Amino acid sequence: MNPLDISEDDYPEMAAVEAIQRGLHSYNQELGGPYDREPVTVLARDDAGAVQGGLLGLTYWNWLFIDWLWLSREQRGRGTGSLLLARAEAIARKRGCTHAYTDTFSFHGPQFWVRNGWAEAGRLDGMPPGHSRIWFQKVL
């Protein structure tokens, strides 16, 4: 067998990126079963219709993954984040999800997740320097 040409590419072609993604998705589904991935999007809008916060995630393999949760400064500390999270959890339960996970940073207020019934599942200290990256999970 001939050796492969290993190279770096700061600006890979989309076809190369897609080949990697398709390959890993295919392998994961071979071993874990079909993804049945569905997006979860929950938005908080003001009276003018401007987005003041939102949650983006996915459901698959009976899990909810929360990728993004953001609130404008004006909405922080007012319960809006908990409302977004509760709505996403309800969507996930309706889809048959039994668990949820996310990751965040120590400067993003990890106590928010604990207040909403989530438990720390892992931590990388020093990412970024002086802070931590924290994974949380919840049984739905």
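Note that the coordinates shown come from a computational prediction; the quantities given were computed from them, not determined experimentally. (Residues numbered from 1 in each chain as written. Predicted model: local features only at pLDDT ≥ 70, side-chain atom pairs only at ≥ 80, totals over all residues. Heavy atoms only, no water.)

### Focus: the environment of L69
In this fold, L69 is placed in strand β3 (residues 63–71). Residues L69 and V42, 27 residues apart in the sequence, show an inter-C-alpha distance of 9.4 Å. In contact with L69, not counting residues within four places along its chain, are G54, L55, L84, F112 and W113. (Helix = DSSP H or I, 4+ residues; strand = E, 2+ residues; numbered from the N terminus. Contact = heavy atoms within 4.5 Å.)

### A short note on the pairing of β3
With eight bridges joining them, strand β2 (residues 51–60) and β3 adopt antiparallel strand pairing. Each residue of the ladder has a partner; that of Y60, found in β3, is W63. Adjacent in sequence and paired antiparallel, β2 and β3 are bridged by two residues, among which W61 carries a positive phi angle near 50°. As paired strands, β3 and strand β4 (residues 99–105) are joined by four bridges and run parallel to one another. Within β4, the residue paired with I66 across the bridge is T102. (Pairing = 2+ DSSP bridges.)

### With respect to the packing of aromatic side chains
One pass over the full model with this rule turns up nine aromatic pairs. Their ring planes at 75° and their centres at 5.8 Å tell us that W63 and Y101 sit as a pair that is edge-to-face. Taken as a pair, W63 in strand β3 and Y101 in strand β4 lie far apart in primary sequence, 38 residues in all. Note on W63: relative accessible area 27%, which makes it partly exposed. Y101 sits in the partly exposed class, given a relative accessible area of 25%. A centroid spacing of 5.2 Å and a plane angle of 85° characterise the contact between F112 and W113, whose relative ring orientation is edge-to-face. Assessed through its relative accessible area of 4%, W113 is described here as buried. Grouped by ring-pair contacts, the aromatic residues F112, W113, W118 and F136 constitute a single cluster. The side chain of R37 reaches across the aromatic face of Y35, ending 5.3 Å from its centre. Positioned above the aromatic ring of Y60 is the side chain of R37, whose terminal nitrogen or guanidinium carbon lies 5.8 Å from the ring centre. (Phe/Tyr/Trp six-rings, centres within 6.5 Å; stacked < 30°, edge-to-face > 60°. Buried < 20%, exposed > 50% of the residue type's maximum accessible area, 1.4 Å probe, protein only. Lys NZ or Arg CZ within 6 Å of the ring centre and 35° of its normal.)

### Points about the side chain of T102
Its place among the elements puts T102 in strand β4. T102 sits in the buried class, given a relative accessible area of 2%. A distance of 2.7 Å separates the side chain of T102 from the backbone oxygen of I66, its partner in a polar contact. Ignoring any residue separated from it by four or fewer positions in sequence, one finds T102 in contact with F65, I66, W113, W118, I134, W135 and F136. (Polar contact = N/O pair within 3.5 Å; in protein donor to acceptor, adjacent residues only side chain to side chain.)

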